[in-house]
Amino acid sequence: MPSTTAITIPQLIRLVGLPDAPVLIDVRIDEDYAADPRLLPASRRRDFRTVSAWAAEFSGSKVVVICQRGQKLSQGVAAWLRHEGIAAESLEGGFEAWAAAKAPLVTASAVPPRDQKGRTVWVTRSRPKVDRIACPWLIRRFVDPDAVFLFVDPAEVPLVADRFAAVPFDIEGVFWSHRGDRCTFDTMIEEFGLRVETLDRLALIVRGADTARLDLVPQAAGFLAASLGLSRMFRDDLEQLEAGMLLYDAFFRWCRDATDETHNWPVAGKAQ
């Protein structure tokens, strides 16, 4: 009989990367984490021994807890969270089963240091168009849901990065930027170890739109038009980012589920 307190690998894979994905909490012991220092997308590391101290942090959230094999640690933490009134499940088979299924994993060493509140902090040029919305979307959905993004005048990016311990991206001469004919979104997918079919498909659209190669895929031109339209709808870069998240969510779902679907006007006399 299926467990009512566990989620399966296929079920969780369908939720990863979506705006309503559950909070993922990794409670593997340090030795297991050191043996394979990768993380499920957007997951957070927590010490199972102090669950009573941090449980309230996730009040009102749906939570999936991950340990090495989906046994005592994740089931115990999930049970404690449920005791606190939090909707929590353990991941069936744990980290080992997720990795064996070749589901997406983030290279933890690529994630920048976090601030005192546990957030990564990034800085880039103001007035974003494509890459500077694409990268925050990827980070928030697959790396750090609480990431902070600072948009400043182009000339000030290096100094702001230095003064505020922020990671500069999508400017010349920094690690997180264009490489050859590929854009910063491509760089992040590669460095975070997120080379999966759906994101690769989305990356091709982003690359075509961001580098003026609209012939790469048919969707690039429409994607660029939508991105430029958004940039003119909002004066506030953070408001534009929030609106742009929905655009990327929609294209992510298309890349994952709808590439074979077509839409035609119903023909008279034929079944609809």
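Here's what I pulled together on the structure shown here.

Each value, and the rule that gives it
- Residues numbered from 1 in each chain as written.
- Predicted model: local features only at pLDDT ≥ 70, side-chain atom pairs only at ≥ 80, totals over all residues.
- Heavy atoms only, no water.
- Helix = DSSP H or I, 4+ residues; strand = E, 2+ residues; numbered from the N terminus.
- Buried < 20%, exposed > 50% of the residue type's maximum accessible area, 1.4 Å probe, protein only.
- Contact = heavy atoms within 4.5 Å.
- Axes fitted to C-alpha atoms, helices over the stretch in contact; angles between N-to-C directions.
- Parallel < 35°, antiparallel > 145°, perpendicular 65-115°, else oblique.
- Pairing = 2+ DSSP bridges.
- Phe/Tyr/Trp six-rings, centres within 6.5 Å; stacked < 30°, edge-to-face > 60°.
- Lys NZ or Arg CZ within 6 Å of the ring centre and 35° of its normal.

**Considering the environment of Ile-171**
Consideration 1: If you trace the backbone, Ile-171 turns up in the loop between β10 (167-168) and α8 (184-191).
Consideration 2: A relative accessible area of 13% places Ile-171 in the buried class.
Consideration 3: For the pair Ile-171 and Ile-25, spaced 146 residues apart in sequence, the C-alpha to C-alpha distance is 33 Å.
Consideration 4: Not counting the four nearest positions on each side in its chain, Ile-171 is found in contact with Arg-125, Val-157, Pro-158 and Ser-177.

**Observations regarding the packing of α8 against helix α9 (residues 197-210)**
Angle between the axes and distance between the axes are the two parameters that describe a pair of packed helices.
Consideration 1: Contact geometry for α8 and α9: axes closest at 9 Å, N-to-C directions at 160°. Viewed along their axes, α8 and α9 adopt a mutual orientation that is roughly antiparallel. Where α8 approaches α9, its residues Phe-185, Asp-186 and Ile-189 are matched on the opposing element by Leu-199, Asp-200, Leu-202, Ala-203, Val-206 and Arg-207.

**Focus on the sheet that holds strand β4 (residues 44-45)**
Consideration 1: Strand order in this open sheet of 5 strands is β1-β6-β5-β2-β4, and the pairing throughout is parallel. Whereas interior strands pair on both sides, the edge strands pair on one side only; in this sheet they are β1 (6-7) and β4.
Consideration 2: Relative to β4, strand β2 (residues 23-26) runs parallel, the two sharing 2 bridges. Looking at β4, one finds that Ile-25 is bridged to Arg-44.

**As for the packing of aromatic side chains**
Consideration 1: Tallying each qualifying case throughout the model produces 12 aromatic pairs.
Consideration 2: A centroid spacing of 6.2 Å and a plane angle of 75° characterise the contact between Phe-149 and Phe-169, whose relative ring orientation is edge-to-face. Taken together, the residues Phe-149 in strand β9 (residues 148-152) and Phe-169 in the loop between β10 and α8 connect sequence positions 20 residues apart.
Consideration 3: Residues Phe-175 and Trp-176 carry aromatic rings whose centres are separated by 5.0 Å and whose planes lie at 85° to one another, so their mutual orientation is edge-to-face.
Consideration 4: Ring pairs connect the aromatic residues Trp-122, Phe-149, Phe-169, Phe-175, Trp-176 and Phe-192, which therefore count as one cluster.
Consideration 5: Lying over the aromatic face of Phe-95, Arg-28 brings its terminal NZ or CZ to 3.8 Å of the ring centre.

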